[in-house]
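Spelled out, the chains give:
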Amino acid sequence: MSVVLQGAGGAAGLAFGPAYRWQRAAVAIDPPHEPADAALARFHAAQRAAVSRLRTLAERQRAAGLREADLFDAQALLVEDETLTDGVTALVLEGKPLTQAIQTVVAQMQAVLAELDDPYLRERAADMAAVGLELLRALAGDHASPTIPPGAIIVADDLTPAETVDLPHHVAGFATAGGGPTGHTIILARARGVPAVVGLGEAILQVPDGTSLLVDGDAATVLIDPDEAALQAAQERMAALHAARQRRAALRDRPGQLRDGRPVALWANIGRPAEARLAREHGAEGVGLFRTEFLFLDRATPPDEDEQYAAYRAVLAELPDCPIVIRTLDIGGDKPLPYLPLPPEANPFLGVRGLRLSMQRPDLFQTQLRALLRAAVHGDIWIMLPMVTTPADLAWARAQVQEAAAALTAAGVDHRPNPPLGVMIETPAAVVLADQLARDAAFFSIGSNDLAQYTLAVDRGHATLAARYHADDPAVWRMIELAARAARQAGIPIGICGELGGDPNAAPALAGLGLDELSMAPASIPAVKERLAQITWAEAQAAAAQAVGRAP
Amino acid sequence: MTEVVLTVNNPVGLHARPAKVFVETVRAYKSTVTIQNLSRPQTKEVPVTAFNLLQIGVRQGHQIRLRASGEDEAEVIAALTKLVEENFGE
């Protein structure tokens, strides 16, 4: 009879296979009556091996553009920590076996962190536990990982981040007793694309090896010994998912277009240069929104021109010959920076944000513009202005671009003086004056999240009103329609870079309103591309009429 | 002995990458360096190690006192002061 276990969190996907109880490699047996100096020599060798392994993992994660890389660096630092080294040395000199000495000291250090009054530091206790396991593993020698049969479902009490990224690629999925929905293990599983469920409790550990398991990462459940019907349903779902992936992979190198060939470019939204590679891998034909905030956050001084220039060039290098829309700094009083003191505002969303902040700090804006103009020599950079409400905003920004170009010319620095300068359409004012804006703007891009918020006058984070926030409200659709019409009349391209742009169900209507480009999270591109390839221009126009509430 | 009191201004405090740079700098010198987080009076003065930095929880805005003794104590304090004042190059 089949049993369902509910977990605390999952990494999406379905996997079916035999359970394989994963054991940490047997802990090294300490030789009896080992002299202290021999034990300490083994300890130091284990430290070196663990540090080198963790640093390698950090580099691998970093190369893949994952933020989890810092985690492995932090653990490497703890492996060589003096408190740990001194504690273990003292116990070994007292005559304790090495393995036991390591376990004792790690447990003590873990306990100290677990009692601190700071939640961030308490979480670091888990890092300490992982460090202990890494050391014991290194001590046991470099065993090849146990031969895990291909297609097996790994069952474990918990997996450290290093163990998670190190599981062989033929593992079908995994199920752990411990772990939470936001832990590093599940984040790394998602990054690997392995279906997984964590936090299943002790019951999962009772399952004998070889038992059939069905891991459903979407529902965060594990079905033990699924019956014929459950298995068949799952297999159908798996086959459908697999077929969808195949179909979408086949579309990867085709440009976005409707069934009858009308082009709708699919671009990517990225927040860091490393994500440009993801964009390319998902078949993006350009970057419709490169948020530059990452350059400015979490630091005490603003980034200088050269640092920004390097970041912009990094994206161009990853996506040569593609248009790259770079949005100038877009923050407001709700997210003050140490070097940018902003007085608290009663209503930050109606306050100093986006371009309005650049107007108050033209020094910051000039630095960013100079970096952009320099980088634009090397690729197709478009500059996008956030939070524009009037043609005067755009005129001010254009004068700033001219000033930056003049300064670079005077200094004899290579630059492109006039890359396309466009406007993010995210306020009702920008929509109703879109015809005027379109005369001076090189392009439009709909910021549908803020546009919906300002149009519907609803804070989408509001506890009781959030249900009234729909980015696909007819009022929002009509805003998009007006902006698209103005763009078409002026002959400038218009795209969308809000969340609506990545919704496959919204894609037909967006295409039908005449948007030239949809920009979205890289992972959303394949599904949107597939949806668009299924419909004709006439069908897209019908979907648009429906969306704006004018269906016949 | 050389001593200095500094205010840590970088956003993450003495954690993650800044902690790494801090510990590696201390390791590059011969002197013994201790740290106390003056903004958390319940914490003790401890040698600068990765684990101790976690323990004393230095966050943005906290005041720390560094003490070094050894042949290159002035140099190590100068190097650490520069790191903190320049916000670890961030």
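Here the structure is a predicted model, which is why all the values come from computation and not from measurement.

Draft legend 1. Broad picture of the pattern of salt bridges. The tally for this structure, following the rule as stated, stands at 23 salt bridges over all chains. Here Arg280 of chain A ties to Glu318 of chain A by a salt bridge, and the two come within 2.4 Å at their closest N and O atoms. Residue Arg280 of chain A is located in helix H9 (residues 275-281), and its partner Glu318 of chain A is located in helix H10 (residues 305-318); the two are separated by 38 residues in the primary sequence. Since its relative accessible area comes to 37%, Arg280 of chain A is described here as partly exposed. Glu86 of chain B is the partner of Lys82 of chain B in a salt bridge, and the nearest nitrogen-oxygen pair spans 3.7 Å. Under the relative-accessibility criterion, Glu86 of chain B is labelled partly exposed at 45%. A single salt-bridge network, built from bridges that share partners, covers Glu305, Asp306, Arg370 and Arg374 of chain A.

Draft legend 2. The side chain of Gln400 of chain A, seen in detail. Residue and element names in this part refer to chain A. Mapping Gln400 onto the fold places it in helix H13 (residues 391-410). At 2.8 Å, the side chain of Gln400 forms a polar contact with the side chain of Gln366. The residues contacting Gln400, other than those within four sequence positions of it, are Pro362, Phe365, Gln366 and Leu369.

Draft legend 3. Spatial organisation of the domain arrangement of chain A. When its domains are assigned, chain A resolves into domain 1 (3-23 + 146-246), domain 2 (36-139) and domain 3 (259-547). Its C-alpha centre places domain 1 of chain A at a distance of 39 Å from the equivalent point of domain 3 of chain A.

Draft legend 4. Geometry of the interface of chain B and chain A. In this complex, chain B contributes 21 residues to the contact, which on the side of chain A involves 23 residues. Buried surface at the junction of chain B and chain A, both sides included, amounts to about 1900 Å², of which 62% is carbon and sulfur. The tally of links from chain B across to chain A stands at two salt bridges. Put simply, Arg27 of chain B and Glu82 of chain A hold a salt bridge, and the shortest N to O gap is 3.8 Å. Summed over the shared surface of chain B and chain A, the result is four residue pairs in polar contact (both at pLDDT 80 or more). Of all the secondary-structure elements, those providing two or more residues to the side of chain B that touches chain A are helix H1 (16-27) and helix H2 (50-56) of chain B. Partitioned by chemical class, the residues of the side of chain B that touches chain A number six nonpolar, nine polar and six charged.

Draft legend 5. The arrangement of the sheet that holds strand S1 (residues 2-7) of chain B in detail. All names here are of chain B. Here we have four strands laid out as an open sheet, ordered S1-S4-S2-S3, and antiparallel in their pairing. The sheet terminates laterally at S1 and strand S3 (46-47), the two strands that pair on one side only. Summarising the sheet, strand S2 (residues 32-37) and strand S4 (residues 63-69) pair through six bridges and their orientation is antiparallel. Bridged to Asn37 within S4 is Ile64.

Draft legend 6. The arrangement of the side chain of Asp216 of chain A in detail. All names here are of chain A. The residue Asp216 is located in strand S7 (residues 212-216) in this model. What makes Asp216 buried here is its relative accessible area of 11%. A distance of 3.2 Å separates the side chain of Asp216 from the side chain of Arg237, its partner in a polar contact. When near neighbours in sequence (up to four residues on either side) are disregarded, Asp216 contacts Gly13, Leu14, Val197, Thr221 and Arg237.

Draft legend 7. Focus on the sheet that holds S7 of chain A. Residue and element names in this part refer to chain A. On the basis of which strands lie adjacent, the open sheet formed by eight strands has the order S1-S8-S7-S3-S4-S5-S6-S2 and mixed pairing. Bordering the open sheet on either side are strand S1 (3-6) and strand S2 (9-11), each of which pairs with just one other strand. Each adjacent strand pair in this sheet contributes to an overall mean axis angle of 25°, direction not counted. Strand direction decides the pairing type here: S2 and strand S6 (residues 196-198), joined by three bridges, are antiparallel. Counted as the bridge partner of Ala11 is Ala196 from S6. The strands touched by helix H8 (residues 228-251) are strand S3 (14-21), S7 and strand S8 (221-224); relative to S3, the strand with the most contacts, the crossing angle is about 120°.

Draft legend 8. Representation of the nonpolar core. Among the nonpolar cores identified, the biggest contains 94 residues, and Tyr312, Phe444, Trp477, Ile480, Leu518 and Leu532 of chain A are the most heavily contacted of them. Per-element tally for this core: the top contributor is helix H17 (residues 474-490) of chain A, with eight residues. Among all residues touching Trp477 of chain A, those that are not within four sequence positions of it are Asp472, Leu500, Ala506, Ala509, Leu510, Leu513, Ala547 and Val548 of chain A. Listed in part, the 63 residues of the second largest apolar core include Ala58, Ile102 and Met109 of chain A together with Val46 of chain B.

Calculation rules
Residues numbered from 1 in each chain as written. Chains lettered and ligands numbered in written order. Predicted model: local features only at pLDDT ≥ 70, side-chain atom pairs only at ≥ 80, totals over all residues. Heavy atoms only, no water. Salt bridge = Lys/Arg side-chain N within 4 Å of Asp/Glu carboxyl O. Helix = DSSP H or I, 4+ residues; strand = E, 2+ residues; numbered from the N terminus. Buried < 20%, exposed > 50% of the residue type's maximum accessible area, 1.4 Å probe, protein only. Polar contact = N/O pair within 3.5 Å; in protein donor to acceptor, adjacent residues only side chain to side chain. Contact = heavy atoms within 4.5 Å. Domains from an automatic or database assignment. Buried area = accessible area lost by both parts, 1.4 Å probe. Nonpolar A, V, L, I, M, F, W, Y, C, P; charged D, E, K, R; others polar. Pairing = 2+ DSSP bridges. Axes fitted to C-alpha atoms, helices over the stretch in contact; angles between N-to-C directions. Core = buried A, V, L, I, M, F, W, Y, C linked by side-chain atoms within 4.5 Å.

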